[in-house]
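Report on the structure
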Amino acid sequence: MSAFFLHYGDCGVRHWCDRDRAAVMHLIANVLSEFGLSWQPEGADADVVHVEDYYHCRGGQFWVVEQASEVVGTIAFYPIQRGEAAVEIRKMYLHPRVRGQGLGTFLLHHLEAAIAAAGYRKIWIETASIMTTAVHLYEKAGYQPATGVETQRCDRVYVKDVVLHGMASMASAPC
């Protein structure tokens with residue numbers, strides 16, 4: 001039985017496991033570098049170094065995308081104190097070779113469904129203006145500009161009310 005709970009083209013999506021740590025850190029550091037942004041393992045990216053503490057122990061989820069056994073994407077969320085029943089989508093990064101194929105929209109849609117199934121009502125997301133494709137994706141998906149950026153390398157924050165649409169939960173599964 002496959003560990004993947006979602007498939008998109010030749011990519012599979014599954015829950016993060018400890019064995020993914022190095023590959024995920026490498027992917028995110030490379031994508032950030034591509035946009036002239038710094039990898040901050042003791043700051044904005046501490047959640048990637050300590051996934052268990054930031055996601056699993058707090059009721060969040062962290063997913064990885066694989067293509068031919070290589071980690072080519074990530075997306076995650078965890079609860080935050082920004083209003084009642086709020087979460088922040090975090091670490092949405094895709095390797096350049098899997099961008100522009102609809103994978104980002106697919107992942108965002110399914111993560112939103114998991115967030116709704118978990119009972120959350122508000123979704124926040126921060127990004128940097130230089131990541132124009134991400135900005136376009138969030139705006140197209142109905143995220144509204146807001147104020148209160150909390151991550152130093154980000155200059156945009158968006159919020160969206162959760163839409164309940166009856167999709168099944170992508171509950172955490174063991175590796």
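**Structural notes on the overall build of the protein chain**
Along its length, the protein chain carries five helices and eight strands. Reading the secondary structure of the protein chain in the N-to-C direction produces β-β-α-α-α-β-β-β-α-β-α-β-β. Its C-alpha radius of gyration of 15 Å places the protein chain within 12% of the 16 Å reference for a compact globule of 175 residues. The principal-axis extents of the C-alpha atoms in the protein chain amount to approximately 40 × 40 × 30 Å. Classification of the 175 residues of the protein chain by burial places 50% in the buried group. Sequence-distant contacts in the protein chain: of pairs separated by 6 or more residues, those separated by 24 or more amount to 62%. Summing over all exposed atoms, the protein chain offers an accessible surface of approximately 8600 Å²; the carbon and sulfur share of this is 54%.

**Brief notes about the pattern of salt bridges**
As enumerated under the stated definition, the model contains 17 salt bridges in all. Its salt-bridge partner being Asp18, residue Arg21 comes within 2.3 Å of it at the nearest N-O pair. Given the relative accessible area of 17%, Arg21 is considered buried. Residue Lys160 is joined to Glu112 by a salt bridge in which the shortest nitrogen-to-oxygen separation is 3.1 Å. Separated by 48 residues along the polypeptide, Lys160 in strand β8 (residues 156-161) and Glu112 in helix α4 (residues 103-117) bring together distant segments of the chain. In this structure Lys160 comes out as buried when scored by relative accessible area, which is 14%. A single network of salt bridges, built from pairs that share partners, joins Asp45, Asp47, Glu88, Arg90, Lys91 and Arg153.

**Details of the nonpolar core**
Ile89, Leu107 and Ile115 are the most contacted members of the largest nonpolar core, which totals 54 residues. Here the element with the most residues in this core is α4; it accounts for eight residues. The residues touching Ile115, leaving out its near neighbours within four places in the chain, are Phe77, Val87, Ile89, Tyr120, Ile123 and Val162.

Calculation criteria
Residues numbered from 1 in each chain as written. Predicted model: local features only at pLDDT ≥ 70, side-chain atom pairs only at ≥ 80, totals over all residues. Heavy atoms only, no water. Helix = DSSP H or I, 4+ residues; strand = E, 2+ residues; numbered from the N terminus. Rg over C-alpha atoms; globule rule 2.2 N^0.38 Å. Buried < 20%, exposed > 50% of the residue type's maximum accessible area, 1.4 Å probe, protein only. Contact = heavy atoms within 4.5 Å. Areas by Shrake-Rupley, 256 points an atom, 1.4 Å probe, with all protein chains shown as cover. Salt bridge = Lys/Arg side-chain N within 4 Å of Asp/Glu carboxyl O. Core = buried A, V, L, I, M, F, W, Y, C linked by side-chain atoms within 4.5 Å.

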